[in-house]
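# Overview (structure and organization)
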Amino acid sequence: MIQTGCFLTLRLWSSLCRMLKRGNEYFLQGTAVVLCTDGRHKSLTEMIKRCAYHFSAAVIMGKARRKTRSRRQGPGKSLFGKPFDGGKRMDHGGPQDQQQPYHPQHPAMMRLYEVQKEVSTLGPQVCTFSGLQNDREYKRMERELTQLLLQVDQVDTEGKLELQGARKRAAQEVEGLLRYLEENASHPSRLAIEELSNAARELVDERVVEPQRAGGVAEINDELVDALQELVLRLTQIKTEGRVPLRKARYRALTRLCAVQDVLESRTPQQTLSLPLSGDTHEAVNRINQVMVKVSMARSQLVALLMGLSGRDSCAHLSRILTELQVELDALDVSGNAAIRNYRKQVVEEINGLLKHLDLEGEGDDTRRYDLAQNNSIREIEAVRAHVSHLREGVLRHCVVGDLSFRPKAELQSLLTHLDQVDTAKNPCIREARRRAVVEVQAIVTFLDLREALVCRQPGPEEHPSHRAVWLVLGSLSDLQAQVLGFDGKRADKSYMMLEELLTKQLLALDAVDPQGDASTKVARKQAVKFAQNILNYLDMKTDEWEY
C-alpha cells in the first residue's frame, strides 16, 4: 500500500523497483511504504529517495528475519553430510554427519530421507563388493542404485532452494556409489586378479579335475606345484591401491589357490590312495577301504570346488559328507588291533586335512583377514624392518667417513633369526613380506662383508691380471651398492635409471673378463656376477611398490 500526496505512475514505480533491485530478488515482505508529505508537496526526486529508504529497510528486515529463522532451525546446507568419499567412511563404519534440512516435514524431504536409508544399507555392500561387472550381485546393486537415482530425480522441490540442494546432494551420493562400484569391478588390478585366477583354474582343470572325472588318475608332480606357486607369487604382487574390494578379491583368490596347493602337495608322494591292509585281516578293514575311496573322490571334489569348477557341489555339502565318513569310522570296532587303529587314524587325518579347507565360503568377509596392516605377524615384520632401516643408516653414515668399526653383523643375524620365527600362517602375502625383510637384512650383511674383504685384500705380485680385474669390478659394485642401499625413490627417477645403467655396465665388464684358464678367476667372476645381479634385484624390489 503506497500513500503519497502526488500521483506516482505505475511506470515510475516500475523504474524505481528496477533501480533498487539487488540481484534477482526484491520484495516488501508485506510492509507498506508510506510517503507522507504532510500537505507539503515534495519534489519527485525526494519522494523517490524516501521510497528507496523505506524499501531498502524492508528488504534488510526481511533478510534478517530469514537469517534468524534459519539459525533457529539449524543449518540446512546438507542432507547426507559430506559427498561420497569413495567408501572411506563406510569402510571404517563411521557415522555420517547429517544436518537438519530447512523443511523436515515436507513430503519431498521425507522421500529423500527414505532414499538416504536405502543408500545407508547399500553403501557397505558396495564398498566391500569384490566381484566383476558380470556378477549377479553387481547387477543387483547397480539396478537398485539406478532406481534410487531415478527416484531422486523425480522428487518435486517446488522451486525451494533448500529442497533443491538436498536433492542434489542425494543424487551425488548415489552417483558416487555407482561410480565406486563400477571403478572397482573394472579396475585393472581386479581384471589382473581374475586373469590369474582363470589361469590357475584352467591348469587345475586340465591336470587334476578332468582326469579324475574321466575315471583316471591325476598327474600331480613338481611341475604342477611349481606352476601354482608361480601364480601365487604373481597374485601377491598385484597392486590394490589400498582399496578394500581389491584387497578382498586378491585375498580370496590367494586363499583358494593356496588351499589347492596344499591339497595337491599332500598328495605328491602318493599318486593313488594306498590300501595297506587286506580285507581278510579284519572285517573292519573292508569298510575302511571303502571310506578311503570316498575320501579320494572328495579330494577331487574339493579341488574343483575351491577353483570354481563345480557348479553343483558346495562346501557345506562336502563338509557333511566328510563328517559322516568320520562318524562311520568312529563307530567301527577295531577289537584292539593296533595296525587297524593306525590305519583308521591315517584315514581320519586325511579327512581332517580336507575339512580344514572347507570354511572358505565366507572367507574374506572379515576385514581383519585381508587387511594385513592389523596382522600381528606383519607388525612383527614391520618392527624388524624399522630396526633394519636404522642400522642401514648407521652403516652408510660410517662408510661415508671411511669408518669400518661399525659392524652390527651380530645384531643383523639376530634379526634374521627373529624373521625365521615369524608365523606366516601359510598366508602368501605374509610370506612375501617376510622374504622381502630377509632380503633387506642380507643386503646389508653382504655389503659389510664385501667392504671388509676389499679392505683386507692384499694382492701379491703373482696375482693373475684377470683376477685383479674382477676385484676392480667388485670395488665399483661396493660403491654402487652403497648408493642402492640409500636409494629411496621410484623407477621413474633419474637416479634409478643411472644406478640401473651403471650396474648393467659392471655386468658387461665382468662378462668381458677372460679367465684364461685360471680357476680362481672363474670362481671369483661367477660370484661377482651373482653379487651384481642380487644388487639389481634388490633395487627392483625397493621400487616395485609392493603392498600387503
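Let me begin by describing the structure that accompanies this report. A quick note: this is a predicted structure, and the numbers were derived from the prediction, not measured.

## Let's talk about the overall build of the chain
Regarding its fold elements, the chain presents 19 helices and zero strands. A buried classification covers 41% of the 548 residues belonging to the chain. Sequence-distant contacts, at least 24 apart, represent 75% of the contacts inside the chain between residues at least 6 apart. As presented, the chain carries roughly 30,400 Å² of accessible surface, and 51% of it is formed by carbon and sulfur atoms.

## Re the side chain of Arg344
Note on placement: Arg344 falls in helix 12 (residues 338-355). One buried charged residue, Arg344, remains without a salt bridge, the closest side chain of opposite sign being Asp330 at 5.5 Å. Excluding anything up to four places from it in sequence, Arg344 contacts Ile288, Leu329, Asp330, Leu332 and Val334.

## Observations concerning the packing of aromatic side chains
For any two aromatic rings, the description comes down to two numbers: the centre-to-centre distance and the angle of the planes. For the coordinates displayed, the defined rule picks out two aromatic pairs. Arranged with centres 6.0 Å apart and planes meeting at 40 degrees, the rings of Phe129 and Tyr138 form a pair that is tilted. On the accessibility criterion, Tyr138 (3% relative accessible area) is buried.

## What about the side chain of His467?
Mapping His467 onto the fold places it in helix 17 (residues 465-486). The exposure class of His467 is buried, given its relative accessible area of 17%. Leave out the neighbours within four places in its chain, and His467 touches Ser520, Thr521 and Ala524.

## Notes on the packing of helix 7 (residues 188-213) against helix 10 (residues 283-306)
Relative to each other, helix 7 and helix 10 sit at 140 degrees, their axes nearing to 10 Å. The orientation of helix 7 relative to helix 10 falls into the category oblique. Classified by chirality, the crossing of helix 10 by helix 7 is left-handed. Here Val204, Val208, Val209, Gln212 and Arg213 of helix 7 come into contact with helix 10, specifically with Ser300, Val303 and Ala304. Looking at the contact of helix 7 with helix 10 residue by residue, the classes come out as five nonpolar, two polar and one charged.

## What to know about the nonpolar core
Counting residues in each nonpolar core, the largest one holds 52 residues, and the members touching the most others are Leu322, Val347 and Ile351. Considering each element in turn, this core owes the most residues, eleven residues, to helix 10. Ignoring anything within four residues of it in the chain, the contact list for Leu322 reads Ala298, Ile351, Leu354, Leu355 and Leu358. Membership of the second largest hydrophobic core comes to 50 residues, among which are Leu415, Leu499, Leu510 and Met541.

## Comments concerning helix 5 (residues 136-153)
Between its terminal C-alpha atoms helix 5 stretches 26 Å, which fits the 26 Å expected from 18 residues at 1.5 Å a residue. Structurally, helix 5 contributes buried residues whose contacts are with helix 4 (107-128) and helix 6 (161-185).

## Things to note about the environment of Thr146
Tracing the sequence through the fold places Thr146 in helix 5. On the accessibility criterion, Thr146 (34% relative accessible area) is partly exposed.

## Observations concerning the layout of surface pockets
Roughly 840 Å³ of volume is contained in the largest pocket. In terms of lining, the largest pocket is formed by 33 residues, of which the most central are Arg190, Glu194, Arg201, Arg252 and Arg256. At the level of secondary structure, the elements contributing two or more residues to the lining of the largest pocket comprise helix 4, helix 5, helix 7, helix 9 (244-266) and helix 10. For the lining of the largest pocket, the class distribution of residues is 14 nonpolar, nine polar and ten charged.

## Re the packing of helix 14 (residues 376-400) against helix 16 (residues 428-456)
Where helix 14 meets helix 16, the closest approach of the two axes is 10 Å, and the angle between their N-to-C directions is 20 degrees. The angle between helix 14 and helix 16 places the two elements in the roughly parallel class. Crossing geometry of helix 14 relative to helix 16 is assigned as left-handed. Residues Ser377, Ile378, Ile381, Arg385, Val388, Arg392, Val395 and Cys399 of helix 14 form the contact with helix 16, whose participating residues are Ile430, Ala433, Arg434, Ala437, Glu440, Val441, Ile444, Phe447 and Leu448. Classifying every residue of the contact of helix 14 with helix 16 gives twelve nonpolar, one polar and four charged.

## Observations concerning unusual backbone geometry
One non-glycine residue, Glu158, lies in the positive phi region at around 55 degrees. Take Glu158: it is sitting in the loop between helix 5 and helix 6. Among the residues examined, Glu158 registers a relative accessible area of 48% and is labelled partly exposed. We note that Gln516 has phi near 55 degrees; this positive angle belongs to a residue other than glycine.

## Things to note about helix 11 (residues 315-330)
Across its 16 residues, helix 11 extends 22 Å between first and last C-alpha, which sits within 8% of the 22 Å expected from 1.5 Å per residue. For helix 11, the set of buried residues is Cys315, Leu318, Leu322, Leu325, Gln326 and Leu329. Summarising the axial view, the buried residues of helix 11 lie within an arc of 100 degrees, below the 170-degree limit, and thus occupy one face. The exposed residues of helix 11 that point more than 90 degrees off its buried face are Glu324 and Val327. Along its buried surface, helix 11 packs onto helix 10 and helix 12.

## What to know about the pattern of salt bridges
According to the stated counting rule, one finds 18 salt bridges in the structure shown. Taking the shortest distance from any N to any O, the salt bridge between Arg111 and Glu114 comes out at 2.6 Å. Residue Arg111 and its partner Glu114 are both found in helix 4; the two are separated by three residues, about one turn of the helix. Across the salt bridge formed by Glu432 and Arg435, the nearest N and O atoms sit 2.8 Å from each other. Taken together, the positions of Glu432 and Arg435, both in helix 16 and three residues apart, correspond to about one turn of that helix. For Glu432, a relative accessible area of 5% puts it in the buried group. Among the residues examined, Arg435 registers a relative accessible area of 42% and is labelled partly exposed. Each of Glu137, Arg140 and Glu144 takes part in salt bridges that share partners, so that together they form one network.

About the thresholds
Residues numbered from 1 in each chain as written. Predicted model: local features only at pLDDT ≥ 70, side-chain atom pairs only at ≥ 80, totals over all residues. Heavy atoms only, no water. Helix = DSSP H or I, 4+ residues; strand = E, 2+ residues; numbered from the N terminus. Buried < 20%, exposed > 50% of the residue type's maximum accessible area, 1.4 Å probe, protein only. Contact = heavy atoms within 4.5 Å. Areas by Shrake-Rupley, 256 points an atom, 1.4 Å probe, with all protein chains shown as cover. Lys, Arg positive; Asp, Glu negative; His and termini not counted. Salt bridge = Lys/Arg side-chain N within 4 Å of Asp/Glu carboxyl O. Phe/Tyr/Trp six-rings, centres within 6.5 Å; stacked < 30°, edge-to-face > 60°. Axes fitted to C-alpha atoms, helices over the stretch in contact; angles between N-to-C directions. Parallel < 35°, antiparallel > 145°, perpendicular 65-115°, else oblique. Left-handed = near helix turned anticlockwise from the far one by under 90°. Nonpolar A, V, L, I, M, F, W, Y, C, P; charged D, E, K, R; others polar. Core = buried A, V, L, I, M, F, W, Y, C linked by side-chain atoms within 4.5 Å. Expected span 1.5 Å × (residues − 1). 1 Å grid on protein atoms, 1.4 Å probe; cavity = no way out; pocket = protein on both sides within 12 Å on 5 of 7 lines; lining within 4 Å. Points joined across faces, edges and corners; volume = space filled by probe spheres on them. Arc of directions from axis to C-beta.

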